[in-house]
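The lines below spell out each chain.
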Amino acid sequence: MLIFPLGVPLRPLRFNSQRCVGWCVALLCWVVSGARAEAGGGPENVFLVFNARSWASRTVANHYIAWRKIPDTNVLELDWGGPLDEISIAAFRQQILAPAIATIQQRQLSDHIDYLVYSSDLPWSVDARAEFTGKQLPDVLNPIGSLTGLTYFAPQVMQHSPAWLGLDSNHYARPTDARPRVPATQGFRNWYGWGSDGALLEAGGNQYLLSTMLAVTSGRGNSVGEALAYLKRSVEADATHPTGTIYYMANDDVRARTRLPLIDTAMKALERLDVRSRRVELKMPSGQHDVQGLMMGIAEFDWAQSHSTIRPGAICENLTSLGGDLRVGAGQTPLTEFLRFGAAGSSGAVVEPYAIQAKFPLPQIQVHYARGCSLAEAFYQSLASPYQLLIVGDPLCQPWATIPEITVAGLAGDEPVRGAVTLLATSSGTRLAEVDRYDWFVDGVHLAQTPRGERVTIDTTRMADGYHELRVVGADSGAIESQGRAVLDFVVDNHNQRASLSTAQNVVPHWGEPLELVADAPGAAVCMVVAGAHAVARIEGAQGRTTLEPRTLGYGPVRLQLVAFGAAGEALVRSSPLRLSIEPNMPLPPVTVPGRGALTPGFVVTPQGKPPKTVVVVPNSFWLADANVRPGEAYDVQGYLDLLATDVYQFHVRHYGSLTLSIDGHEQYRGEAGDYQLHVLPLSLERGQHRLELHGKAGDRVEMEIGFGGPGIRPINGTILQHPVE
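Cut-off values and rules
- Residues numbered from 1 in each chain as written.
- Predicted model: local features only at pLDDT ≥ 70, side-chain atom pairs only at ≥ 80, totals over all residues.
- Heavy atoms only, no water.
- Pairing = 2+ DSSP bridges.
- Helix = DSSP H or I, 4+ residues; strand = E, 2+ residues; numbered from the N terminus.
- Axes fitted to C-alpha atoms, helices over the stretch in contact; angles between N-to-C directions.
- Contact = heavy atoms within 4.5 Å.
- Core = buried A, V, L, I, M, F, W, Y, C linked by side-chain atoms within 4.5 Å.
- Buried < 20%, exposed > 50% of the residue type's maximum accessible area, 1.4 Å probe, protein only.

1. Some remarks on the sheet that holds strand β7 (residues 125-127)
Then, number 1: The strand order β5-β7-β8 describes an open sheet built from three strands, whose pairing is mixed. With one partner strand each, in any of the chains shown, β5 (86-88) and β8 (144-146) form the two edges of the open sheet. Along the sheet, successive strands turn relative to each other by an average axial angle of 30°, direction set aside.
Then, number 2: As judged from the three bridges shared by β7 and β8, these two strands associate in the antiparallel manner. Its bridge partner lying in β8, Val 126 is registered against Gly 145.
Then, number 3: Here helix α2 (residues 89-106) sits on the sheet and contacts β5 and β7; the angle it forms with β5, its principal contact strand, is near 85°.

Below is the structure:
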């Protein structure tokens, strides 16, 4: 983590410090002194976590960071080698949530992070039954929650409080039971306190943290390509004020009947907003090409058979039992089906929720969205009990937002700046409430908030020379606090320090081709190459070269920077970013199957010195032992993949003992002593047949898991692998 002193006095804001989030665990406290950022709903308010072991997680994060302009300081690279489906609440608390919160605090971000968002390849379900041992809970309060649901209740989870387990646990949800209309929409801030009646409190109340996953690329999830497609559509949908139609499906299925009573109220509210809606007495829309939002209730469906089109920015969701259970074979259509066809976001329960309205979004979700809220705000305002609901998609998507245009005076183009710099922000273009305040950030750290017309002075003498980033965010005075922003680069030159980072080869970096970097920072003792806030290489001295494997960076847009330090460890200078677009390796061509070329389901395991055995069904992780492989014995495995499309595919591997995995004779992985941690192996393959070979020596435990996929990940078995007909 590289954070540099900024030297800008913090300005007090309008609200008192009693409204800060007052929850902690051990030394991890979500506490802020001095300035507090009011405006939310933008990239500065998102803290993004990705799995360092997964190329898919990195790749989704790379693109989202670039498209949404997420600050480098707002990204955490988490080394997660555990399960990708379900974990215990203890593991979630200690290994995922606590590190994220600690990093937010250490990087001085606590005052403005409203969203804790996960990329792909992190566990989507959390088992909290151990915390309710000996207690009789009703069936409808099964203490198994989703990753996003329990992150939303982060303050309660970190305090070991059971307050998240209830049918009315979310006090940010807008109450509807006593009102004949959809209640007022309210923007979200992590430090807002909410009363049990949904009131926004000046002090006290419950605090939350908005959360979604950007994608699920394991199990019954989407491919990385599908995830990038729907995320890009959602980014481009912002502020477009779409003209499509919100569809509410109404039929006799209990899944649909559960939410029928409030449909008419929602439709009337949408009409007042000039947003079209339709109540349709069918299971799903048929032949409609203007689906701007959708509420369904059906166990299984095939969206392609609807011959309907989901428009960019649409929230499409379905009330059913297992829409968020993304394990292979779980049954019912998963939420990822809507995303595959372009929805900006969807949701589903990770465990049987029963037909309880409180656990699913009210029809009013589309009203909050159409009033200008972000996707995450719309979801959580319409969910009384979100703990079991997995929400996947772009949390910042705001199709109906009115976004102010922000300009900043005081930075003179590309001219370096020295000493004190005085700046003034102005706004234009808003059609709703006026922008009444501006939040100022340098290198992702919040410096101050100013009212309209007040200038800010930045003292650059306490900053490292070189490249820095200024963000100015303007928020309007309405309840939703819609944001606009200006993001500007500037160069500090107080000490005549220089640094540069370049590539030795003027080529597009591809996986498997070494990427050589050249660093130059005269007078430096140490140079660090950083990707975002994470160091990826260290060079001793003022000049030097280092080599990276591009595969470790995922693919897509990547920004590297050189940070040079003096002998005393002080930051001297930051280079301009080196912006790269990493590409996967060229796809391997298909191979010819020996013999007659015909294949039959299954793969062949050959223990050393023993007859081969054909495996068609893989019921668990002990399939090698079932094939007569004993501890310490060598073995070979061979089978063929028959792929229908050219794409980037992946293997997920966990094993004991030594293992080498090859495709078409090209080694992809070698592990000398497996520890059963997750290894994610991406590779580009052309359409057709490809030979998989495993060579290994079993450990003391003869256990292995291998999954393969493009859309999602499925265990290897007779539906994934085939072998030649004898």
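Further notes follow.
2. A word on the nonpolar core
In globular proteins that are soluble, nonpolar side chains generally tend to be buried together.
Then, number 1: One finds Phe 92, Tyr 118, Trp 164 and Leu 560 to be the most contacted residues of the largest nonpolar core, which totals 147 residues.
Then, number 2: At nine residues, α2 tops the list of elements feeding residues into this core.
Then, number 3: Among residues more than four places away in sequence, those in contact with Trp 164 are Ile 89, Ala 128, Phe 132, Pro 143, Leu 150, Phe 153, Gln 156, Val 157, Ser 169 and Tyr 387.
Then, number 4: In terms of nonpolar packing, the next biggest core, distinct from the first, is built from 33 residues, Leu 624, Val 653, Val 702 and Ile 720 among them.

3. A few points about the environment of Ala 535
Then, number 1: Among the structural elements, Ala 535 can be located in strand β27 (residues 534-540).
Then, number 2: When its relative accessible area of 47% is taken as the criterion, Ala 535 is described as partly exposed.
Then, number 3: For Ala 535 and Leu 562, which are 27 residues apart along the polypeptide, the C-alpha to C-alpha distance reads 9.5 Å.
Then, number 4: Setting aside chain neighbours within four positions, we find Ala 535 in contact with Met 528, Val 529 and Val 530.

4. Thoughts on the sheet that holds strand β18 (residues 420-428)
Then, number 1: Reading across from one edge, β17-β18-β21 is the order of the three strands in this open sheet, with antiparallel pairing throughout. In this open sheet, the two edge strands, each paired with only one partner strand, are β17 (405-409) and β21 (456-459). Between one strand and the next, the sheet's axes are offset by a mean angle of 30°, whatever the strand orientation.
Then, number 2: Pairing between β18 and β21: four bridges, direction antiparallel.

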